[in-house]
Amino acid sequence: MRITSKQNAIMQKIIALQSKKGRRAYKQYLLEGKKQVREALNYNIQILQIIVSDCFAEKESYLYLLQNYKDIQIIEVPETLFAHISTNKSPQGILAVLPIPETTIKSPQSNAILLDEIQDCGNIGTILRSANAFGIQDIYLKNCADPFSPKTVQASMSSIFFVRLHIGGFSEMLDALENTIMIGADLAGKNLQNYHFPEKCCLVLGNEGNGISQEVQQYCFEYVTIPIHKQAESLNVAVAASILMFSMQK
């Protein structure tokens, strides 16, 4: 299938998916770039549509392999149109449309993470990437930035496929975490070098500027901190999350 106009309904939908409102309306999100689309195909992640630029279709030999995926609609567009629908400054010429998976709140299967009002999409994506790397699958998002935004998906480097996202009200999260000890990350917490995480726990990470909210603080069993030099005020929340998640797995 070939489309040449940005007024086409499919192109209008893809442009809408760049916004949170559009993603909610269609219950779909965008995945862009050769590596991420290839990994989605390799792991049999459901894809609804794949859009490629003319240049990509001409130069990339594996495009023809896509013809084996009969349930995926493949659309070719001119370079100028692809640049219009792409969210990247330097488009690679391929993007996919995926359905947003179920995000209802359920109890964790093992260790988990609760993100409390984290607003930077890049931070959320990096945390998802680290969580996947360290085998932590259940991620609870309380009033956070949209995990399905293009920036978050890109930063997750395909890890968004392999974690379970739980999005909803905090009271529902508390019910799901009833039998899980909540450990907060805080500068005033216990030194990580001498700390042993409980066998099953939920690491709580707070907002980039304000830390863990008072609403969540009262449910934290205790706090842990990463020792750093005095000259450094603090660590980026995604960096701190990675270090703490690594320690959780020991």
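Analysis parameters
Residues numbered from 1 in each chain as written. Predicted model: local features only at pLDDT ≥ 70, side-chain atom pairs only at ≥ 80, totals over all residues. Heavy atoms only, no water. Phe/Tyr/Trp six-rings, centres within 6.5 Å; stacked < 30°, edge-to-face > 60°. Buried < 20%, exposed > 50% of the residue type's maximum accessible area, 1.4 Å probe, protein only. Lys NZ or Arg CZ within 6 Å of the ring centre and 35° of its normal. Pairing = 2+ DSSP bridges. Helix = DSSP H or I, 4+ residues; strand = E, 2+ residues; numbered from the N terminus. Axes fitted to C-alpha atoms, helices over the stretch in contact; angles between N-to-C directions. Contact = heavy atoms within 4.5 Å. Patch = residues over 30% accessible without salt bridge, like charges linked within 9 Å, V, L, I, M, F, W, Y side chains within 5 Å. Areas by Shrake-Rupley, 256 points an atom, 1.4 Å probe, with all protein chains shown as cover. Salt bridge = Lys/Arg side-chain N within 4 Å of Asp/Glu carboxyl O. Core = buried A, V, L, I, M, F, W, Y, C linked by side-chain atoms within 4.5 Å. Arc of directions from axis to C-beta. Polar contact = N/O pair within 3.5 Å; in protein donor to acceptor, adjacent residues only side chain to side chain. Parallel < 35°, antiparallel > 145°, perpendicular 65-115°, else oblique. Left-handed = near helix turned anticlockwise from the far one by under 90°. Nonpolar A, V, L, I, M, F, W, Y, C, P; charged D, E, K, R; others polar.

Student: Explain the packing of aromatic side chains here, please?
Tutor: The relation between two aromatic rings is expressed through the spacing of the ring centres and the mutual angle of the planes. Applying the stated criterion to the full structure yields 6 aromatic pairs. Ring centres 5.9 Å apart and planes at 85° place the aromatic pair Phe 161 and Phe 162 in the edge-to-face group. With centroids separated by 5.0 Å and ring planes inclined at 85°, the aromatic side chains of Tyr 195 and Phe 197 adopt a geometry described as edge-to-face. For Tyr 195, a relative accessible area of 10% puts it in the buried group. Its relative accessible area of 13% is what places Phe 197 among the buried residues. Here the aromatic cluster, defined as three or more aromatic residues joined through ring pairs, consists of Tyr 43, Phe 161 and Phe 162. The ring of Phe 170 carries Lys 142 above its face, with NZ or CZ at 5.9 Å from the centroid.

Student: I would appreciate a short explanation of the sheet that holds strand β4 (residues 94-99) in the present structure.
Tutor: Strand pairs in the sheet, formed through backbone hydrogen bonds, run parallel or antiparallel to each other. Taken in spatial order, the 4 strands of this open sheet run β1-β4-β2-β3, and their pairing is mixed. Only two strands of the sheet have a single partner each, and these edge strands are β1 (28-32) and β3 (73-77). If you compare each strand with its neighbour and ignore which way they point, the axes differ by 20° on average. Both β1 and β4 contribute to a ladder of 5 bridges, which runs antiparallel. For Glu 32, the partnering residue across the bridge sits in β4 and is Leu 95. In the packing of helix α1 (residues 9-16) onto the sheet, the strands contacted are β1, β2 (49-53), β3 and β4, and the crossing angle to β2 comes to about 100°.

Student: I keep staring at the sheet that holds strand β7 (residues 164-167) and nothing clicks. Help me out?
Tutor: Pairing is parallel in the open sheet, where 6 strands are placed in the order β7-β6-β5-β9-β8-β10. The open sheet terminates on both sides in strands that have one partner only, identified here as β7 and β10 (222-225). In this sheet, adjacent strand axes meet at a mean angle of 35° when their direction is disregarded. Running over the sheet, helix α6 (residues 121-133) touches β5 (112-116), β6 (138-142), β7 and β9 (201-205) and is turned about 175° from β5. Seen against the sheet, helix α10 (residues 237-248) touches β5, β8 (181-191), β9 and β10 and runs at an angle of roughly 165° to β9.

Student: Help me understand a nonpolar patch on the surface, please; the structure alone is not making it clear to me.
Tutor: A contiguous nonpolar surface patch, about 270 Å² in accessible area, is contributed by Ile 228, Leu 235, Val 239 and Ile 243. By the secondary structure assignment, Ile 243 is in helix α10.

Student: Where do I start with the nonpolar core in this structure?
Tutor: A general feature of soluble globular proteins is that nonpolar side chains tend to end up buried together. Leu 115, Phe 197 and Leu 205 are the most contacted members of the largest nonpolar core, which totals 49 residues. No other element matches the 7 residues that α10 contributes to this core. The next biggest cluster of nonpolar side chains, apart from the first, holds 15 residues, and it includes Ala 112, Leu 114, Phe 170 and Cys 202.

Student: What exactly am I supposed to notice about the side chain of Ser 242 here?
Tutor: With respect to the element layout, Ser 242 can be found in helix α10. When its relative accessible area of 17% is taken as the criterion, Ser 242 is described as buried. With sequence-adjacent residues up to four places away left out, Ser 242 is seen in contact with Ser 130 and Phe 134.

Student: So what exactly am I meant to see when it comes to α1 here?
Tutor: What sets the pattern is the α-helix's 3.6 residues per turn: residues three or four places apart point alike. If you check which residues of α1 are buried, you get Ile 10, Met 11, Lys 13 and Ile 14. Here the buried residues of α1 occupy an arc of 160° about the axis, which is enough to place them on one side. Where α1 is buried, its residues meet α2 (20-26), β1, β2, β3, α5 (79-85) and β4. Residue Asn 8 occupies the N-cap position of α1, its side-chain oxygen lying 2.8 Å from the main-chain nitrogen of Ile 10.

Student: Would you explain the packing of α6 against α10 in this entry?
Tutor: The contact between α6 and α10 brings their axes to 9 Å, and the two run at 15°. Relative to α10, α6 is oriented roughly parallel. Relative to α10, α6 is oriented so that their crossing is right-handed. Contacts between α6 and α10 involve Asn 123, Thr 126, Ile 127, Ser 130 and Ala 131 from the former and Val 237, Ala 238, Ala 241, Ser 242 and Met 245 from the latter. When grouped by side-chain class, the residues that make up the contact of α6 with α10 number 6 nonpolar, 4 polar and no charged.

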